[in-house]
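Spelled out from the first residue to the last, the chains are:
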Amino acid sequence: MRTAAVTSSAAEAFGLDGAETCVRMIAPNGAFEPNAAAEEYLPYLDRLTEADHRRFYRDMVVVRRFDTEAANLQRQGQLALWVPSHGQEAAQVGSAYATRVQDHVFPSYREHVVGMIRGLDVVDILRMLRGVTLGGWVPEEHGNFHLYTLVLASQTLHATGYAMGMQLDGSTATGNPQTDQAVIVYYGDGASSQGDANEALVFAASYQTPQVFFLQNNHWAISVPVARQSRTPLYLRAGGFGMPGTQIDGNDVLASFAVTAKSMDDARAGHGPSLIEALTYRVGAHTTADDPTKYRDPDELAYWVARDPIVRFRSYLQGRGIEQQFLDSVDEEAADFAADTRRRALEVTGPEKSVIFDNVYAEPHPLVAEQKAWLERYEASFDEGKN
Amino acid sequence: MIAATDTSVASAALPMTKALNAGLRRAMLDDPRVLLMGEDIGPLGGVFRVTEGLIAEFGDKRVLDTPLAESGIIGTAIGLAMRGFRPVCEIQFDGFVFPGFDQITSQLARMRNRHEGGLIMPVVIRIPYGGHIGSVEHHQESPEAYFAHTPGLRVVSPSNPHDAYWMMQEAIASDDPVIFFEPKSRYWPKGEVRFGASGTPLHASRVVRAGLDVTVVGHGAMVSVLLQAADLAAAEGISLEVIDLRSISPIDYGPILGSVQKTGRLVVTQEAPGFVSVGSEIAATVAERSFYTLEAPVLRVSGFDTPFPPAAVETHFLPSPDRVLEAVDRVLAY
């Protein structure tokens, strides 16, 4: 067995870092230096105002602070688990802002800031991780941000079916960009190996669904490096399915925005599905139950930390003359957000035991009804004993 | 081009394939959100011709010939149901459902529960199932217990063309996912389908032959085996009461318990292996609820706990009228 090939060394990653095919607008040092691959996407940056730039920065900082707070809550026994997004903020923020209000978003389970941008209260995410619900929110009431899906890649098929539905009910490709809809589905390098991810690409290509597959390659599926998942850059797989694939520097929020904006525009306009591979890095653990020091090279981590998406975008904004007062105010806002989230997370209380039974079926079901009644009687019998 | 089945007449003698076709057509006419999805269901009309003529009548936006991927079919059907459609998926053969098993059990069955009641999952999965057709591996199986074991799913199986016509429409009208097992060996015998009548409720079991001595229960293709057994028993002066289960999840115990009250003896039958089976569940429940009325242990007549064998020996594997009667003799010996 050629295990030597299965590594994710800093050198290999650096090779991708320098690849001219990988769309990049902002260099790691914060300088605005679009590469050749970025050229066709530059017009999409014209859509961004100064306020948008500030919002991008603000959201990245806030979600990172929230991420730390949520991990703390888990360490204190207040959450069963936490799923950090540290390091992936630019990929998520840029792509989320490229969606329109009428679009639908199918996340995996690490896209906290995408949910925030679509209007979700992050405490709803914590409710699920606190064990009081299996879901947490109503997608249609929260920016069409669908529920987290914990079986990897399952949601890619739901997203594709949903996009097929948009075609069938005539909600897309009418020529009106204000109302035409599309779907974006998030998944990762690990999930890309699942059968469902591949079947979703087959169906999407076959029916030419209005859909973007946003693959965050964070280089690690828990402890297994991406080299074990694929011998080819993941964006190249798109071509085999018959759709365009683009690789972007996932730690460059402008690249993420511009490429996703074009892909979603194309999807809404009836030009079919596409795949974006965002090269980024899971700086933290897979979840709070994981220990990356057991399997990761510290040099690799250092390499990616030096390409931190927030530091990069801050340098970019500073190069454009952003005032320090704004940067400070964002830090303050992030601290307040985290404190407020913590307070409200601790106030989340458990559901009634009736949730065990209530939504298993839409229509009456005798077995479930009998068991619900039995549990009521059984638990009430203890109270009778006390009297 | 062969047209879909005409339902404008009061009744017709049809094979189950045509009755199912008529049920699908009726549902598609009644509700534009009903879609058919599956492999080869378009111009071919499905390998069993159940969807014959429907793509010609409704077009390829209502009848979707899909890529060859069962998980893909079920997973996209879930997305379509989230969007407000009512997909009816055809799995080509019983043994081909397992590539879609994860999407059925981990996603489809739980989607409403995960959404805290915020959506419905009106997806029907049609699965031709069972033996007696002399086919190759993965084409003769009875996997219903896997689905009956999964909370959130409903599981049904018609035994005759009339029920097939009505149960198909009821399954499509259900706001819950329904796994619809079609007994392949009963696809071709004709039976009267009464288009004007209303159907028995989807989840009701039914006494199809009254008797006094022993209650025998089965579903799908087993019902005709039980009726043959009842004829043979009658010739020997033994009266069997035959119950068609119709619904495997939930199980309608009313007619079963009522019958056992009368006979005191129960034989449960199925083509599936007996270990951890639907028959085991019925035997346990009747023992729990009707212990003092039983005159004998509840017996099961099942396929053996082996893979479905080569077709050349399937008659030894599948419960026959004689195997049912052997069990009848044993419960009568108490």
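Rules used throughout
- Residues numbered from 1 in each chain as written.
- Chains lettered and ligands numbered in written order.
- Predicted model: local features only at pLDDT ≥ 70, side-chain atom pairs only at ≥ 80, totals over all residues.
- UniProt positions renumbered as here; feature names shortened; annotations may be inferred.
- Helix = DSSP H or I, 4+ residues; strand = E, 2+ residues; numbered from the N terminus.
- Rg over C-alpha atoms; globule rule 2.2 N^0.38 Å.
- Buried ≥ 20, exposed ≤ 12 C-beta atoms within 10 Å, placed from the backbone.
- Contact = placed C-beta atoms within 7 Å.
- Domains from an automatic or database assignment.
- Nonpolar A, V, L, I, M, F, W, Y, C, P; charged D, E, K, R; others polar.
- Axes fitted to C-alpha atoms, helices over the stretch in contact; angles between N-to-C directions.
- Parallel < 35°, antiparallel > 145°, perpendicular 65-115°, else oblique.
- Expected span 1.5 Å × (residues − 1).
- Pairing = 2+ DSSP bridges.
- Right-handed = clockwise from strand over helix to strand, strands pointing away.

Where an unreviewed UniProt entry is consulted, chain B appears under the name Alpha-ketoacid dehydrogenase subunit beta, with the organism given as Cryobacterium luteum. According to the UniProt record, the Cofactor (unreviewed entry) comment for chain B is "thiamine diphosphate".

Chain A has the name 2-oxoisovalerate dehydrogenase subunit alpha in an unreviewed UniProt entry, where Cryobacterium luteum is given as its organism. According to its UniProt record, chain A has this under Cofactor (unreviewed entry): "thiamine diphosphate". UniProt, in the comment section headed Catalytic activity (unreviewed entry), describes chain A in these words: "N(6)-[(R)-lipoyl]-L-lysyl-[protein] + 3-methyl-2-oxobutanoate + H(+) = N(6)-[(R)-S(8)-2-methylpropanoyldihydrolipoyl]-L-lysyl-[protein] + CO2".

Engineer: Whenever I open this one, the overall build of chain A confuses me. Can you help?
Structural biologist: Looking only at helices and strands, chain A has 16 helices and seven strands in total. Relative to a compact globule of 387 residues, whose C-alpha radius of gyration would be 21 Å, chain A shows 22 Å and is just as compact. Taking all 387 residues of chain A together, the buried fraction comes to 49%. Sequence separation of at least 24 residues holds for 76% of the intrachain contacts in chain A that already meet a minimum separation of 6.

Engineer: Even after reading the chapter, I still don't get the domain arrangement of chain B, so can you show me in this structure?
Structural biologist: Residues and elements named next belong to chain B. By the assigned domains, chain B splits into domain 1 (12-194) and domain 2 (206-332). Placing a centre on the C-alpha atoms of domain 1 and another on those of domain 2 gives a separation of 26 Å. Across the boundary between the two partners, domain 1 contributes 23 residues, which contact 21 residues of domain 2.

Engineer: Is there a simple way to think about the interface of chain B and chain A in this case?
Structural biologist: As a measure of interface size, the accessible area lost when the parts come together is often cited. Every contact between the two is made by 32 residues of chain B and, on the other side, 31 residues of chain A. Counting only elements with at least two residues in the side of chain B that touches chain A, the list comes to helix H3 (70-82), helix H4 (101-107) and helix H5 (111-114) of chain B. Ranked by residue count, the leading element in the side of chain B that touches chain A is H3(B), at nine residues. Each residue belonging to the side of chain B that touches chain A can be placed in one class, and the counts come to ten nonpolar, 14 polar and eight charged.

Engineer: Before we go on, may I ask you to explain the packing of helix H8 (residues 195-207) of chain A against H3(B) in this structure?
Structural biologist: Two packed helices can be described by the angle between their axes and the distance between those axes. Relative orientation of the contacting elements H8(A) and H3(B) amounts to 75°, with a least axis distance of 9 Å. Our classification of the angle between H8(A) and H3(B) gives roughly perpendicular. Contacts between H8(A) and H3(B) involve A:Gly195, A:Asp196, A:Glu199, A:Val202 and A:Phe203 on the former and, on the latter, B:Ser71, B:Gly72, B:Gly75 and B:Thr76. By residue class, the composition of the contact of H8(A) with H3(B) is two nonpolar, five polar and two charged.

Engineer: When you look at the UniProt feature "domain: Transketolase-like pyrimidine-binding" (unreviewed entry) in chain B in this model, what are you seeing that I'm missing?
Structural biologist: In the UniProt entry, the feature "domain: Transketolase-like pyrimidine-binding" (unreviewed entry) is given for residues 14-189 of chain B. The distance from the first to the last C-alpha atom of residues 14-189 of chain B is 8 Å, and the span holds 35% helix and 17% strand.

Engineer: What is the right way to look at the domain arrangement of chain A in this model?
Structural biologist: For chain A, the domain assignment lists domain 1 (3-347) and domain 2 (355-386). Using only C-alpha atoms to locate each centre, domain 1 of chain A and domain 2 of chain A end up separated by 42 Å.

Engineer: Before we go on, may I ask you to explain helix H3 (residues 50-75) of chain A in this structure?
Structural biologist: In an α-helix there are 3.6 residues to a turn, and that puts residues three or four apart on one side. With 26 residues, H3(A) should cover 38 Å at 1.5 Å per step; its first-to-last C-alpha distance of 38 Å lies within 8% of that length. Just downstream of H3(A), A:Gly77 is the residue with a positive phi angle, here 80°.

Engineer: Would you explain H8(A) in this entry?
Structural biologist: Under the 1.5 Å per step criterion, the end-to-end length of H8(A) is 18 Å for 13 residues, consistent within 8% with the ideal 18 Å. For H8(A), every residue scored as buried is listed here: A:Asp196, A:Ala197, A:Glu199, A:Ala200, A:Leu201, A:Phe203, A:Ala204, A:Ala205 and A:Tyr207. Buried residues along H8(A) sit in contact with helix H7 (154-168), strand S2 (183-188), strand S3 (211-217) and helix H10 (237-241) of chain A together with H3 of chain B. A positive backbone phi angle near 55° is found at A:Gln208, which sits one or two residues after H8(A).

Engineer: Sorry, what's going on with the UniProt feature "domain: Dehydrogenase E1 component" (unreviewed entry) in chain A here?
Structural biologist: Cross-referencing UniProt, the feature "domain: Dehydrogenase E1 component" (unreviewed entry) maps to residues 58-334 of chain A in the present numbering. From the first C-alpha to the last, residues 58-334 of chain A spans 8 Å; its make-up is 45% helix and 11% strand.

Engineer: Just checking my understanding: could you explain the sheet that holds strand S7 (residues 178-183) of chain B for this structure?
Structural biologist: The strands making up a sheet associate through backbone hydrogen bonding, with each pair oriented either parallel or antiparallel. All names here are of chain B. Across the sheet, which stays open at both edges, the seven strands sit in the order S3-S2-S4-S5-S7-S6-S12 with mixed pairing between neighbours. Each edge of the open sheet carries a strand with a single partner, namely strand S3 (63-65) and strand S12 (247-249). Neighbour-to-neighbour, the strand axes of this sheet turn through a mean angle of 20°, independent of strand direction. In the sheet, strand S2 (residues 34-38) pairs with S3 via three bridges, with the strands oriented parallel. Paired with Gly38 across the bridge in S3 is Asp65.

Engineer: Can you walk me through the pairing of S2(A) in this structure?
Structural biologist: It is a general feature of regular strands that their side chains alternate between the two faces of the sheet. Residues and elements named next belong to chain A. For S2, the buried fraction is high: six of the six residues fall into the buried class. Note: strand S1 (residues 104-106) against S2, three bridges, orientation parallel. Across the sheet, residue Val105 finds its bridge partner in S2, namely Ile184. The pairing of S2 with S3 spans six bridges and is classified as parallel. Residue pairing for S3: Ile184 is matched across the bridge by Val212. For the crossover that starts at S2, traverses H8 and ends in the parallel S3, the hand is right-handed.

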